[in-house]
Amino acid sequence: MALPWSAAGYPATSEVTMTNDTVTRPAPTRLRRVVIRFAGDSGDGMQLTGDRFTAETAGVGNDLSTLPNFPAEIRAPQGTLPGVSSFQLHFADHDVLTPGDAPDVLVAMNPAALKANLADLPRGATLIVDTDEFSARNLAKVGYAASPLTDGSLDSWHLHPVPLTSITVEALAGFETLSRKDKERAKNMFAFGLLSWMYSRPMETTKAFLQSKFGAKPDILAANIAAMEAGWSYGETTESFATAYEVAPAPMPSGTYRNITGNTALAYGLVAGAHRAGLRLVLGSYPITPASDILHTLSGLKRFGVMTLQAEDEIAGIGIALGASFGGALGVTSTSGPGLALKAETIGLAVSLELPLVIIDVQRGGPSTGLPTKTEQADLLQAMFGRNGEAPVPIVAPRSPADCFDAAIEAVRIATAYRTPVVVLSDGYLANGSEPWNLPDIAALPDLTVEFATERNGVDESGRPAFHPYARDPKTLARPWAVPGTAGLEHRIGGIEKADITGNISYDPDNHQRMTDLRQAKVDGIASTIAPLAVDDPSGDADVLVIGWGSTYGPIAAAAREVRAGGGRVATAHLRHLAPFPANTGDIVRGYRRVLVPEMNGGHLALLLRARFLIDAQSYARVRGLPFTTGELVDAILATTESA
């Protein structure tokens, strides 16, 4: 049986020997990388299936990257295109930078899943479909006049028609306490078991997961495990799946690893940062997709000095956080783009009060409600300028799910050291995507210890000891942080402009100019404490620099790797700090004939680079609700290189 795959290290052929109805199978074929996409109705458990397959893959030691993709509707009509949910996993025996441009294997649980995802499947790849769902009614829902399983339209793919639902029900025939509907729900575990056999994945971690999830429902637990094992056995015994595959572990630095999503990493980073600062963490938040998991995760970490309050709206959420900072805690609020707009006035208040505050913005497609479950980077200019008056705020952007941990700690460092609100710009791709994370040594994390004001620091007009709330540290320009109730350190707060040093209300024009300049200088001064912008230019003579920020890191790095493998010369740089820029940013971008800026927005960073450094930065802007593919960035880089 010939398998015409060539991408991802697939063999050109694979042989199966059959003797007296007994199948003698070869040892698993070694692959370097695989991209699998599970797709089905929102009720088919595709996110759970993908998550469990990811967990088992991480346990094997492969490097990996994931891309969950699901509808915003709570429950779109069953079997329709708007209701399709998918989960893509790219795993390999080497470092993985993206979830993959296209799947090598597509598991489609119904006609809608097939139609929504088939265009992404390369010719010759594997297609596994649940034939039980290809009824005339389900076909009509998505516009199929005839079944694609029988009309020849799928002849370009290696099709495996499998009656997943009916086989699952048959495998669970002995579970008399379960209804047929309950048995059908386990078909995602059958698919998981089948794919686990195909790619030599263990299932023990998933069995333990099911035990924790359904331990109180022994019949449901046993049925899911039975369905999973039935899927494995089906792959092992059926002639349809003749060959299994395996992907060796990827070489990684020694350490203890776990799989982690961006939202979980942000939550853990905030807790670690607060711990290293010696502060309680108080999260004031209102649930919003795709940031809600930060609230969910932190709500379970009370034992680490974390307090979470789910507010009635976005404005109350940030008000709680700012009040907590005034009270001597680390105030944090989490949101997405629409919520960031609502928080703008209170962020401006925090700028005026000069108190620490961390604002997590998990960006999503807009405008307005936009694409709640899709990714975008279109909040950069809002984070930079979206407040009334001159209200500068530092901005930090993580580049990968695991990097969210370090970005959160960096935000805590800046907020507490400089007494300023800090915006962390994550996005939906990072929030829900996952990758292996090497657990850090907590003792090795930076010391962020905060010193509160405890004594008067000046004299009043009469020469008596007094507290000056806007006296400044000569190095950071940060004002003292005085906890309410500290004897002798009473001071005025509020949104009206403060007088320099004393903090009294002031309408003096010259004072307003001075305070505006000081607040900007404080943010600008952060640049002296951040690492210079690093450039990856292996040849040393590239004409084109590709510069990005946030989650574009993986696709840019993967595209540059591919261009270089073809003999092209390209340099890359990636910004973590967007306000202020690293001190050497201007020198870097002026050092190349062409600067290409890929962004999932209308060209925000390109606009800022042009304005700040007077360079002709070329924008490659896309707002499709999906991360860049490696292929499209390769084309963009080559086009820019040819014009350099």
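Each remark here, short or long, concerns the structure printed above.
Report on the accompanying structure. (Residues numbered from 1 in each chain as written. Predicted model: local features only at pLDDT ≥ 70, side-chain atom pairs only at ≥ 80, totals over all residues. Heavy atoms only, no water.)

## Some words on the sheet that holds strand S15 (residues 357–363)
Here is the rule we go by: By this definition, two strands are paired if DSSP reports at least two bridges between them. Numbering of helices and strands runs from the N terminus; a helix is a DSSP stretch of H or I covering at least four residues, while a strand is a stretch of E covering at least two. Two residues qualify as a contact provided that any one of their heavy atoms is within 4.5 Å of a heavy atom in the partner residue. Interaxial angle, 0 to 180 degrees, is taken between N-to-C directions of lines fitted to C-alpha atoms, where a helix line uses only the stretch in contact.
Strand order in the open sheet formed by seven strands is S13-S12-S14-S15-S17-S16-S24, with mixed pairing between adjacent strands. Looking at strand neighbours, the two that pair on one side only are strand S13 (306–310) and strand S24 (577–579), the edges of this open sheet. Alignment of strand S16 (residues 395–396) against S24, held across two bridges, turns out to be antiparallel. Residue pairing across strands places Ile395 opposite Ala579, the latter belonging to S24. Lying on the sheet, helix H15 (residues 403–418) is in contact with strand S14 (330–335), S15, S16, strand S17 (421–427) and S24; it crosses S17 at an angle near 165°.

## A short note on the pattern of salt bridges
Selection criterion: Whenever a carboxyl oxygen of Asp or Glu lies within 4 Å of a side-chain nitrogen of Lys or Arg, that contact is scored as a salt bridge. For every residue, the accessible area obtained with a 1.4 Å probe (protein chains only) is divided by the maximum for its type, and the residue is called buried under 20%, exposed over 50%, and partly exposed between those limits.
The tally for this structure, following the rule as stated, stands at 22 salt bridges. Among the salt bridges present, the one from Arg180 reaches Glu184, with a minimum N-O distance of 3.0 Å. You can see Arg180 and its partner Glu184 sitting in helix H5 (residues 180–184), four residues apart, about one turn around the helix. Taking relative accessible area as the criterion, Glu184 reaches 26% and is therefore assigned partly exposed. Lys343 is the salt-bridge partner of Glu314, the closest N and O atoms lying 3.0 Å from each other. Separated by 29 residues along the polypeptide, Glu314 in helix H11 (residues 314–326) and Lys343 in the loop between helix H12 (337–342) and helix H13 (344–353) bring together distant segments of the chain. Judged on exposure class, the residue Glu314 and its partner Lys343 are both buried. Look at the salt bridges and you will find they share partners, linking Asp44, Asp130, Glu133 and Lys187 into a network.

## Section: unusual backbone geometry
The step from Gly366 to Pro367 runs through a cis peptide bond, and the omega angle for that step is 0°. Mapped onto the elements of the fold, Pro367 is located in the loop between S15 and helix H14 (380–385). For the peptide bond that leads from Ala579 to Pro580, omega is -5°, which places it in the cis range. With respect to the helices and strands, Pro580 occurs in the loop between S24 and helix H19 (585–590). Here Arg419, not a glycine, exhibits a phi torsion of approximately 50°, which is positive. With relative accessibility at 11%, the residue Arg419 sits in the buried group. With a phi close to 55°, Leu614 is a non-glycine residue in the positive phi region.

## Some words on the sheet that holds strand S22 (residues 544–549)
An order of S21-S23-S22-S25-S26 is seen for the five strands of this open sheet, with the pairing classed as mixed. Two strands close off the open sheet at either side, each with one partner strand: strand S21 (535–536) and strand S26 (617–621). Alignment of S22 against strand S25 (residues 594–599), held across three bridges, turns out to be parallel. Bridging across to S25, Val546 finds its partner in Leu596.

## Focus on the packing of aromatic side chains
For clarity, the threshold we go by: Each aromatic pair joins two rings of Phe, Tyr and Trp (for Trp, the six-membered one) with centres within 6.5 Å, and gets the label stacked for planes under 30 degrees apart, edge-to-face for over 60, and tilted for any other angle. Working rule: Lys NZ or Arg CZ, within 6 Å of ring centre, within 35 degrees of ring normal, means a charge sits over the ring.
Counted under the stated rule, the structure contains twelve aromatic pairs. Both rings, one in Phe91 and one in Tyr199, keep their centres 6.3 Å apart while their planes meet at 85°; by these two values the pair is edge-to-face. Taken together, the residues span a long stretch of sequence, with Phe91 in strand S6 (residues 84–92) and Tyr199 in the loop between helix H6 (187–198) and helix H7 (204–214) at a distance of 108 residues. The burial state of Phe91 is the same as that of Tyr199; both residues are buried. Arranged with centres 5.7 Å apart and planes meeting at 25°, the rings of Tyr199 and Tyr245 form a pair that is stacked. Of the two residues, Tyr199 is situated in the loop between H6 and H7 and Tyr245 in strand S10 (residues 245–247); the sequence distance between them amounts to 46 residues. Given a relative accessible area of 0%, Tyr199 falls into the buried group. The ring of Tyr553 has Arg399 sitting right over it, with the charged end atom 4.0 Å from the ring centre. For Arg622, the ring lying beneath its charged end belongs to Tyr620, and the centroid distance is 4.0 Å.

## Comments concerning the environment of Ile347
Relative to the helices and strands, Ile347 is located in helix H13. Owing to a relative accessible area of 1%, Ile347 belongs among the buried residues under this scheme. Between the alpha carbons of Ile347 and Val358 there is a distance of 9.8 Å; along the sequence they are eleven residues apart. Not counting residues within four places of it along the chain, the set of residues in contact with Ile347 comprises Ile318, Leu340, Ile359, Arg387, Val393 and Pro421.

## Digging into a nonpolar patch on the surface
Our working definition: Each patch is assembled from residues with relative accessible area greater than 30% and no salt bridge, linking like charges that lie within 9 Å and nonpolar side chains (Val, Leu, Ile, Met, Phe, Trp, Tyr) that lie within 5 Å. Working definition of accessibility: Shrake-Rupley area with a 1.4 Å probe, residue cover restricted to the visible protein chains.
There is a patch of nonpolar side chains on the surface, built from Ile496, Ile505 and Tyr507 and spanning about 340 Å² of accessible area. Ile505 sits in the partly exposed class, given a relative accessible area of 44%.

## Observations concerning the side chain of Lys343
This is how it is decided: Definition of a polar contact: a pair of N or O atoms within 3.5 Å, with one able to donate and the other able to accept a hydrogen when the atoms are protein atoms, and with sequence-neighbouring residues admitted only if both atoms are side-chain atoms.
Residue classification places Lys343 among the buried residues on the basis of a relative accessible area of 0%. Within polar-contact distance, the side chain of Lys343 engages the side chain of Thr333 at 2.9 Å. With near-sequence residues (within four places) excluded, Lys343 lies in contact with Glu314, Gly317, Ile318, Thr333, Ser334 and Thr335.

## Structural notes on H6
Operational definition: Here a helix's expected span is defined as the number of its residues, less one, multiplied by 1.5 Å.
Its twelve residues place the ends of H6 17 Å apart at the C-alpha level, agreeing with the 16 Å of an ideal helix rising 1.5 Å per residue. With respect to burial, H6 is a largely interior element, twelve of its twelve residues being buried. Lys187, Asn188, Met189, Phe190, Ala191, Phe192, Gly193, Leu194, Leu195, Ser196, Trp197 and Met198 are the residues of H6 that are buried. Positive phi appears at Ser200, one or two residues downstream of H6, with a value of about 55°.

## Structural notes on the packing of helix H9 (residues 262–277) against helix H10 (residues 292–299)
In plain terms, the rule: Roughly parallel means an angle under 35 degrees; roughly antiparallel means over 145; roughly perpendicular covers 65 to 115; every other angle is labelled oblique. Two helices crossing with the near one rotated counterclockwise from the far one by less than a right angle form a left-handed crossing, whereas a clockwise rotation gives a right-handed crossing.
It is at 8 Å that the axes of H9 and H10 come closest, and there the two elements cross at 50°. One way to sum up the angle between H9 and H10 is to call them oblique. Like other packed secondary-structure pairs, H9 and H10 cross with a definite hand, here right-handed. Counted together, Asn263, Thr264, Leu266, Ala267, Tyr268, Leu270 and Val271 of H9 and Asp293, Ile294, Thr297 and Leu298 of H10 form the full contact between these two elements.

Interpretation note: all reported values are geometric properties and have no functional meaning in isolation.
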